[in-house]
Structure formats: structure tokens, C-alpha cells
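# Residue-level structural notes
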Amino acid sequence: MRFRRLLIGLLCLAGLAVLLDFGVAAYSEYRVSRLLRTGSDLSADPEITIHESLRHPFVAQALDGQYGNIDVRARAMRPDIPGRITVEANLTGVHLSMRNLVDGNVGQVPVDEVQARMRIEPTELGRLFKIPDLQVFGPPTDKSDGSGGSGSVPTTNGGTIILEGTVPVGPDADTVAVTDPRGDGGEKVTKKKVHVLADLRLVGDEVRITATAIAGRDLQADTDSVLPDQDRIVIPEQDRPAVLARFTRTLDTKNMPFGIVPTRVQASGGQIVVEGAGRNAIVDLDRLQKQ
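Okay, so let's go over this structure. What you see is a predicted model, and the numbers here were worked out from it, not measured in a lab.

### Digging into the sheet that holds strand β10 (residues 262-268)
By way of backbone hydrogen bonds, the strands of a sheet pair with one another, either parallel or antiparallel. Across the sheet, which stays open at both edges, the 6 strands sit in the order β1-β2-β3-β4-β11-β10 with antiparallel pairing between neighbours. Looking along the sheet, the strands with just one partner apiece sit at the ends: β1 (47-50) and β10. Looking at each pair of strands side by side, their axes are set apart by 15° on average, direction ignored. Together, β2 (66-78), β3 (81-95), β4 (109-120) and β11 (271-283) form the strand contacts of helix α4 (residues 122-129), whose direction differs from that of β3 by roughly 135°.

Take a look at the structure:
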């Protein structure tokens, strides 16, 4: 009987310890989230995940003032891109006392390693390029590689990607919005879904997307096609520079989390993803974006 009571007591203590650990972790994640939202002028609380394990429960990390792994994810506004972009960071080896966290004194926090990412999604890319149906694919691939030619392999710096979108083609196309059916002079402007090859490159603190060529299938007529005439139009030689210009843009990387310098860019899942890393860094946990 005595052993049974002891066992029940130990189980109750273990349950209380789990509840305490969960409560303290939830409070800490909330505090960091609110500080980041206020300091970075975000429109919503960012997602904060402080990872723990049986060997390293949250309370033990908090008492020690060292957190093994923290994930940060937020949606941020940019003045040059209509809409929001996603910024992410993984912090490894965060040195922060519980007292400073409670007091809100979380500036200048030492971190062993920071992995940072900035993701620009298809919707925002379409608004940026002023091509509503813009799609981004990885580099052209050999259909024998098992990907079916879908371009699922990410591209690194200096890689070629495929951009697809509907743009106006014709003599007045450079002054006509994609959604306008006619030019300023009343001439009919043809809209065509175009596929272009583009160079994706990280140059300093800029991401440069430079359209280099129109895909071969848009340069030659398909005599066997049963598509409507509009979808079988060949891009005339004189209109190709204007089409390529519509798929060319330069982006800055000022929204990289905690000011981490970007070192890699790739096209993945229809997004443009910029990545960077820093070791033995000092970050402000109350400011996700540099002002």
C-alpha cells in the first residue's frame, strides 16, 4: 500500500512538472513573439517555437539561460512588393537569462548560430512583376532524371530557372497592362502565356532575376496544335526584348532576419528563397528586421 501511494505521488509530481514546463515555455514563446511584433512593426504575432526534449526540458534550459534550438517565422511587409513576404530564422545556442526575458531585456543576445531565410511567394512575385499568373520553376531538367522535366531540383547562385506568365505581345505592349485588351491607340494587343529562361543570381545584397531567352516552343508555330489561334502565336523577333524585360527584376535583401548577410538564392516550390547564416552572432530578439 505504501509503495502504491509513493508511486501515485511520484506520478502526480511528474504531471505537475510537465504542466509547469509547458506553462513556462508557452509564456516565454508569447513574450518573444510580442517583443518581435512590437520591435519589428509586424501586423501579426510571429510564430515562435522553443524546442525541448526529455534530456533538455524547457525549464532546465530557462534556468541555465541557454536554449538549444529556437524557430522564428513571421510575415513581413515590404514597400517595394505589394503584399507580405515570409521570413524565417533558426537560432541554435541562444544565451538568454529568464530574468532578462521577463523584463523584456532581450537586445544584444549572443547566439552560436543563425540560419535565416526570406521567402517571396508566387502571389507576391506576380504582383512584383505585374504578371498576375506568374509561376516560377526550378532549372530545366532531363526527363530521364525521374522528375518528368518538372524542374523540381532547386537552383543555386548563377542557375537558370523557368518563368511562366501571360503578357501582352505587340507594338503597344510596353504601355499596356496585362489585363487591358487593347492598346492606347485602339490597336488589338495579343496576350500570350510565355515561357522564358532566366538567370537567378545573388550579387552582393541584391537578388537579380534576368530573363535571357524565350523558350523554344514560343518561337515556332505548332502546325499540329488544336489550340486557339491566340495560344499558337509565335513571339516575333522585334517583340522579344520587351517580353524579356517584363520578366526581369532586381530585389534587395534588407528583410533578411536579424540582418544576416545572404549567401544563397534558389527557386523552390514556386518561391524565390534567399538564405544566409551567421556564427557567434549578436541578435536583437525584440527586432526581427533591421530598421
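### Considering the sheet that holds strand β8 (residues 206-214)
Strand order in the open sheet made by the 5 strands is β5-β6-β7-β8-β9, with antiparallel pairing throughout. The strands lining the two open edges of the sheet, one partner per strand, are β5 (135-137) and β9 (249-252). Across this sheet, the average inter-strand angle for adjacent strands is 30°, counted without regard to direction. Sheet topology places β5 next to strand β6 (residues 159-169); 3 bridges connect them, and they run antiparallel. Across the sheet, the residue bridging to valine 136 is leucine 163, located in β6.

### Some words on the environment of proline 122
Considering the arrangement of structural elements, one finds proline 122 in helix α4. We classify proline 122 as partly exposed; its relative accessible area is 34%. Sequence separation between proline 122 and glycine 270 is 148 residues, and the spatial gap between their C-alpha atoms is 6.0 Å. Among residues more than four places away in sequence, those in contact with proline 122 are Leu134, Gly270 and Gln271.

### Considerations on unusual backbone geometry
Outside of glycine, negative phi angles account for most residues, and trans bonds account for most peptide bonds. Of note in this structure, phenylalanine 258 is not a glycine but carries a positive phi near 55°. Turning to its location among the elements, phenylalanine 258 is positioned in the loop between β9 and β10. Backbone geometry at asparagine 280 places phi at a positive 50°, although glycine is not the residue there.

Conventions we followed
- Residues numbered from 1 in each chain as written.
- Predicted model: local features only at pLDDT ≥ 70, side-chain atom pairs only at ≥ 80, totals over all residues.
- Heavy atoms only, no water.
- Pairing = 2+ DSSP bridges.
- Helix = DSSP H or I, 4+ residues; strand = E, 2+ residues; numbered from the N terminus.
- Axes fitted to C-alpha atoms, helices over the stretch in contact; angles between N-to-C directions.
- Contact = heavy atoms within 4.5 Å.
- Buried < 20%, exposed > 50% of the residue type's maximum accessible area, 1.4 Å probe, protein only.

The values are spatial; any link to function lies outside them.
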